[in-house]
Amino acid sequence: MKKSILAIATAAALFATGTQAHVTYHEPDQQMEKNLNVYGTGIVDWEYSKFARYAMIDSHKIHYWAEIPAPAEKMPMKKAAKQLDVSKITVPDVVPGNTISMYNLMRDRAEISSYVIMNKKGEIIAEDYWNNSKVDTKHQLHSANKSFTSMAWAAVEATGLVSADEIAETYIKELKGTPWGKIKMRHYLDMTSGSNTMDMSREGWHNWEMPDGNVTDSSMSTVAGYAGLVEKDGKLVPPVQAENAKGITRLSEYLELYAKNHDPEWEAGEKYQYRCLNTEMVAMALVRTTGKPLAEVYDEYLWSKGGFNNYGALYVNQDKDSIGSGSFNTTTRDFAIGSFIMANGGKNWKGEQVVPESFVKEVEKGDPVVKKAWAQISYEGLAVPTGAWYKNQFRTLTDPETGVDFSMMLGTNGQVSAWDHKTGNVIAIFGDYRRHTGQALIHTYFFDVIKPLFKRLADEQATS
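Residues numbered from 1 in each chain as written. Predicted model: local features only at pLDDT ≥ 70, side-chain atom pairs only at ≥ 80, totals over all residues. Heavy atoms only, no water.

Caption draft 1: Local environment of the overall build of the protein. The helix and strand tally for the protein stands at 15 helices and 16 strands. For a compact globule of 464 residues, the expected C-alpha radius of gyration is about 23 Å, and the protein comes in at 21 Å, within 12% of that figure. Once the C-alpha set of the protein is aligned to its principal axes, its extents read approximately 65 × 50 × 45 Å. Every one of the 464 residues in the protein was classed for burial, and the buried ones make up 60%. In the protein, of all internal contacts separated by at least 6 residues, the share reaching a separation of at least 24 is 69%. Surface exposure of the protein reaches about 18,200 Å², of which carbon and sulfur atoms provide 50%. Here the protein carries 50 positive and 57 negative side-chain charges, and the mean point of each set is 3 Å from the other. (Helix = DSSP H or I, 4+ residues; strand = E, 2+ residues; numbered from the N terminus. Rg over C-alpha atoms; globule rule 2.2 N^0.38 Å. Buried < 20%, exposed > 50% of the residue type's maximum accessible area, 1.4 Å probe, protein only. Contact = heavy atoms within 4.5 Å. Areas by Shrake-Rupley, 256 points an atom, 1.4 Å probe, with all protein chains shown as cover. Lys, Arg positive; Asp, Glu negative; His and termini not counted. Charge placed at Lys NZ, Arg CZ, Asp CG, Glu CD.)

Right, here's the structure in full:
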């Protein structure tokens, strides 16, 4: 449907040029939309896993989006003296007695578009770009976005504007009068708020195919521009929602509606359950306390200080709302830099503190509450019952065979940025796995790819 003159003027005013000194706002690239339409997808259902090989790369270009600029000072991208040749690494294959090279495993079976491996000094040990991706190609992070939102939270908390010990209604007025408003922000950061049922989805939506219920619903992401904007009464707004969410066009309206129609299903801190609602509480608290859209929070407190090499992109709606749980696009190297900062105690390549060291230690060490909550209900606790936890929107695991402790950002199609606590090595992967999080993805990425890579790196560095 063609936009009216009024809608075009509205879009031009909001998105053609930004009102801020740094972040700029953009309209969708209609040619890219048409190119995806040929393959049976586009803005309406681009995130479905069956379209991952087409639509994950530079997906921000079919959205209304915010451009978070690369900082003037960028972390140097240097090659390590000794490179890692992944084609020389082999792992057991499915067929007994057969092996498969790491190169073929990553490129073909794991459907990886790109990866970057760094040492603790930030030197690149190995990288490859497939599926026509390049060094400056942006890729959809999906839920790995949550970790960047948490890092932004940590940076803002260091200024005193927010506190993990404060209750949510202090920052989000829509939660007042509901149980959600009395829950401390740390429980939203740790996914232990008691949120579970997510039932405001449009008919036929894919619901992410998760093993223990829906991690989110279509309404939450759609109101923040995830499925684009449509014209209604001469205005640009998100498309029609689920029957029980009609009429909402803003993320704050979604949170208010959810809070009034749902109660926590257990006590805060009791059980870990992975639900995107938690991250949106964190993101909204940042937006309200800073008075800035989420993209501008990222720019001021994280992107401008971390040495990232390229611009980052967040999908937005007509009000410049963004979800903090899955709308970020970055390059693979910048994805790796996120973990490089964590591997170096929250510091950038110049030794400047970007996020507090205490935040990093919380992620790496966990605490009794999150460790106990981990295996109470979530399918993740069944897969890895001990030696794992979720803290500050990061997962941490101990490999029982190799003893390697690593933490990670994780997205549903195999978007992984992880660091080894002992060596500081970083592995960043942009996967386009054509089935959402499940047994095959977890085994392929963690047991076939990441585990042997961290082991090989640690062994080689120990003898060099």
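Caption draft 2: Molecular detail of the sheet that holds strand 5 (residues 112–118). Read from one edge to the other, the open sheet built from seven strands follows the order 6-5-16-15-14-13-12, with strand pairing classed as antiparallel. Unpaired on one side and paired on the other, strand 6 (124–129) and strand 12 (388–391) mark the two borders of the sheet. For this sheet the average axis-to-axis angle between neighbouring strands, irrespective of direction, equals 15°. Where strand 14 (residues 405–410) lies against strand 15 (residues 415–420), five bridges are found, and the strand directions are antiparallel. (Pairing = 2+ DSSP bridges. Axes fitted to C-alpha atoms, helices over the stretch in contact; angles between N-to-C directions.)

Caption draft 3: Just the packing of helix 8 (residues 251–261) against helix 9 (residues 276–290), in detail. Put simply, helix 8 and helix 9 touch, their axes get as near as 11 Å, and they point 130° apart. In terms of orientation, helix 8 lies oblique with respect to helix 9. By crossing handedness, the relation of helix 8 to helix 9 is classed as left-handed. Here Leu251, Ser252, Tyr254, Leu255 and Tyr258 of helix 8 come into contact with helix 9, specifically with Leu277, Glu280, Met281, Met284 and Arg288. (Parallel < 35°, antiparallel > 145°, perpendicular 65-115°, else oblique. Left-handed = near helix turned anticlockwise from the far one by under 90°.)

Caption draft 4: Quick peek at the UniProt feature "domain: Beta-lactamase-related" (unreviewed entry) in the protein. Sites flagged by UniProt as "domain: Beta-lactamase-related" (unreviewed entry) map to residues 106–306. Secondary structure across residues 106–306 comprises 31% helix and 10% strand; the distance between its end C-alpha atoms is 28 Å. (UniProt positions renumbered as here; feature names shortened; annotations may be inferred.)

Caption draft 5: Quick look at the pairing of strand 15. Across the six residues of strand 15, six count as buried, placing the element largely inside the fold. The two faces of strand 15 match: Gln415, Ser417 and Trp419 on one face and Val416, Ala418 and Asp420 on the other face are all buried. Between strand 14 and strand 15, which pair antiparallel in sequence order, lie four residues; one of them, Gly414, sits at a positive phi of approximately 95°. Summarising the sheet, strand 15 and strand 16 (residues 426–431) pair through five bridges and their orientation is antiparallel. Across the sheet, Trp419 pairs through a bridge with Val426, a residue of strand 16. A loop of five residues connects strand 15 with strand 16, the two strands running antiparallel in sequence, and Gly424 in this loop sits at a positive phi of about 80°.

Caption draft 6: How the structure looks around the packing of aromatic side chains. With the rule as written, the count across this model stands at 24 aromatic pairs. With a centroid separation of 5.1 Å and an interplanar angle of 50°, the aromatic rings of Trp46 and Tyr226 are classed as tilted. You can see Trp46 sitting in the loop between helix 2 (30–37) and helix 3 (52–55) and its partner Tyr226 sitting in the loop between helix 7 (218–222) and strand 8 (230–232), a full 180 residues away along the chain. Accessibility expressed as a relative area gives 0% for Trp46, which makes it buried. On the numbers, 5.6 Å between centres and 80° between planes, the contact of Trp46 with Tyr315 is edge-to-face. Taken together, the residues Trp46 in the loop between helix 2 and helix 3 and Tyr315 in strand 10 (residues 312–315) connect sequence positions 269 residues apart. Across this residue pair, the class does not change: Trp46 and Tyr315 are buried. Put simply, the rings of Phe148, Tyr298, Trp303, Phe308 and Phe328 pair up and form one aromatic cluster. (Phe/Tyr/Trp six-rings, centres within 6.5 Å; stacked < 30°, edge-to-face > 60°.)

Caption draft 7: Spatial organisation of the nonpolar core. Core analysis: the largest hydrophobic core is formed by 140 residues, its most contacted members being Phe148, Met151, Trp153, Tyr254, Val355 and Leu453. Every residue in contact with Val355, bar those within four places of it in the chain, is listed here: Met151, Ala154, Ala155, Ile341, Met342, Gly345, Gly346 and Val360. (Core = buried A, V, L, I, M, F, W, Y, C linked by side-chain atoms within 4.5 Å.)

Caption draft 8: Broad picture of a nonpolar patch on the surface. A surface patch of nonpolar side chains, amounting to about 350 Å² of accessible area, comprises Val38, Tyr39 and Tyr54. In this structure, Val38 sits in the loop between helix 2 and helix 3. (Patch = residues over 30% accessible without salt bridge, like charges linked within 9 Å, V, L, I, M, F, W, Y side chains within 5 Å. Salt bridge = Lys/Arg side-chain N within 4 Å of Asp/Glu carboxyl O.)

Caption draft 9: Local environment of the sheet that holds strand 7 (residues 139–140). Strand order in this open sheet of five strands is 1-2-10-11-7, and the pairing throughout is antiparallel. The sheet is open, and its two edges are formed by strand 1 (24–26) and strand 7, each paired on a single side. Two strands pair when backbone bridges link them, and strand 7 and strand 11 (residues 328–330) are joined in this way by two bridges, in the antiparallel orientation. Residue pairing for strand 11: Gln140 is matched across the bridge by Asn329. Along the sheet, helix 10 (residues 294–303) makes contact with strand 1, strand 2 (65–68), strand 10 and strand 11, crossing strand 2 at roughly 15°.

Caption draft 10: The environment of Lys361, seen in detail. Position of Lys361 relative to the elements: it lies in helix 12 (residues 357–365). Note on Lys361: relative accessible area 46%, which makes it partly exposed. Along the sequence, Lys361 and Ala462 sit 101 residues apart, while their C-alpha atoms lie 24 Å from each other.

Caption draft 11: Quick look at unusual backbone geometry. Phi at His142 is positive, roughly 50°, even though this residue is not glycine. By the secondary structure assignment, His142 is in the loop between strand 7 and helix 5 (145–157). By relative accessible area, His142 is classed as buried at 3%. With phi around 55°, Asp233 is a residue other than glycine that occupies positive phi space. Assignment of secondary structure puts Asp233 in the loop between strand 8 and strand 9 (235–237).

Caption draft 12: Layout of the environment of Asn317. Within the fold, Asn317 resides in the loop between strand 10 and strand 11. Placed 42 residues apart in sequence, Asn317 and Phe359 show a C-alpha to C-alpha distance of 31 Å. Of the polar contacts made by the side chain of Asn317, one reaches the backbone oxygen of Thr249; its length is 3.5 Å. Only 2.8 Å separates the side chain of Asn317 from the backbone nitrogen of Asp319, close enough to count as a polar contact. (Polar contact = N/O pair within 3.5 Å; in protein donor to acceptor, adjacent residues only side chain to side chain.)

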